[in-house]
Amino acid sequence: MTVHGKGHVLACLILEAFSAPPAQASESTVNSSNQVEERQMTQHPYVGMWVTDDGRVRHELLPDGRYDEARGNRQSAYQGRYEVTGTHIEYWDDTGFTADGDFVDEDTLHHGGMILRRQ
């Protein structure tokens, strides 16, 4: 089938747009972005170890935006990524579940019905 006129030009532009490979960021741009993000998390006031009063749950917020949570004798029982917005924290565990919490002051985190304190 032959298409002529304005419709042909439009069809060619649409095909060209959808068949072009996606634009990719250069490696230096990606590395620069990751370094800025990691530097921001390193300086974030909540990075560090958070522990329940009985020591059963130990929750480490790492500077790269990841967390590692130990429960009892289980080291690295839960791991994933986190983001802090203001005093609210959202977690995305590597196994697929999500959780959240709130920093009620600079040394106290309420998370999952637990109270964790900065160590």
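Now for a description of the structure that goes with this document. Source: prediction; values computed, not measured. (Residues numbered from 1 in each chain as written. Predicted model: local features only at pLDDT ≥ 70, side-chain atom pairs only at ≥ 80, totals over all residues. Heavy atoms only, no water.)

1. Here's the deal with the packing of aromatic side chains
Here comes step 1: Across all of its chains, the model carries five aromatic pairs by this definition.
Here comes step 2: Centre to centre, the rings of Tyr67 and Tyr91 are 5.1 Å apart; their planes meet at 80°, and the pair counts as edge-to-face. Of this pair, Tyr67 sits in strand β3 (residues 66-71) while Tyr91 sits in strand β5 (residues 88-93), and the two are 24 residues apart along the sequence.
Here comes step 3: Note on Tyr91: relative accessible area 2%, which makes it buried. (Phe/Tyr/Trp six-rings, centres within 6.5 Å; stacked < 30°, edge-to-face > 60°. Helix = DSSP H or I, 4+ residues; strand = E, 2+ residues; numbered from the N terminus. Buried < 20%, exposed > 50% of the residue type's maximum accessible area, 1.4 Å probe, protein only.)

2. What about the pattern of salt bridges?
Here comes step 1: As enumerated under the stated definition, the model contains five salt bridges in all.
Here comes step 2: One salt bridge connects Asp53 with Arg117, and the closest N-O pair in it is separated by 3.0 Å. One end of the pair, Asp53, is in the loop between β1 (48-52) and β2 (57-61); the other, Arg117, is in strand β8 (residues 114-118), with 64 residues separating them in the sequence.
Here comes step 3: Relative accessible area serves as the criterion here: at 62%, Asp53 is assigned to the exposed category.
Here comes step 4: The residue Asp107 makes a salt bridge to Arg118 at a minimum N-O spacing of 3.0 Å. Taken together, the positions of Asp107 in the loop between β6 (98-105) and β7 (108-111) and Arg118 in strand β8 put the pair 11 residues apart, joining distant regions of the chain.
Here comes step 5: A relative accessible area of 29% places Arg118 in the partly exposed class. (Salt bridge = Lys/Arg side-chain N within 4 Å of Asp/Glu carboxyl O.)

3. What about the side chain of Asp68?
Here comes step 1: Examined against the element boundaries, Asp68 turns out to sit in strand β3.
Here comes step 2: There is no salt bridge for the buried Asp68, and the closest opposite charge comes from Arg66, which lies 7.9 Å off by N-O distance.
Here comes step 3: Each residue touching Asp68, except ones within four places of it in the same chain, is listed here: Arg58, His59, Glu60, Ser76, Tyr78 and Gln79. (Lys, Arg positive; Asp, Glu negative; His and termini not counted. Contact = heavy atoms within 4.5 Å.)

4. Regarding the pairing of β5
Here comes step 1: Side-chain alternation along β5 places Ile89, Tyr91 and Asp93 on a buried face and His88, Glu90 and Trp92 on a face that remains uncovered.
Here comes step 2: In the sheet, strand β4 (residues 74-85) pairs with β5 via six bridges, with the strands oriented antiparallel. Among the inter-strand pairings, Gly80 is bridged to a residue of β5, identified as Asp93.
Here comes step 3: Between the antiparallel neighbours β4 and β5 lie two residues, among them Gly86 with a positive phi of about 65°.
Here comes step 4: Inspection of the sheet shows β5 paired to β6 by five bridges, in the antiparallel sense. Looking at β6, one finds that His88 is bridged to Asp102.
Here comes step 5: Linking β5 to β6, which pair antiparallel, is a turn of four residues; within it Gly96 sits at a positive phi near 115°. (Pairing = 2+ DSSP bridges.)

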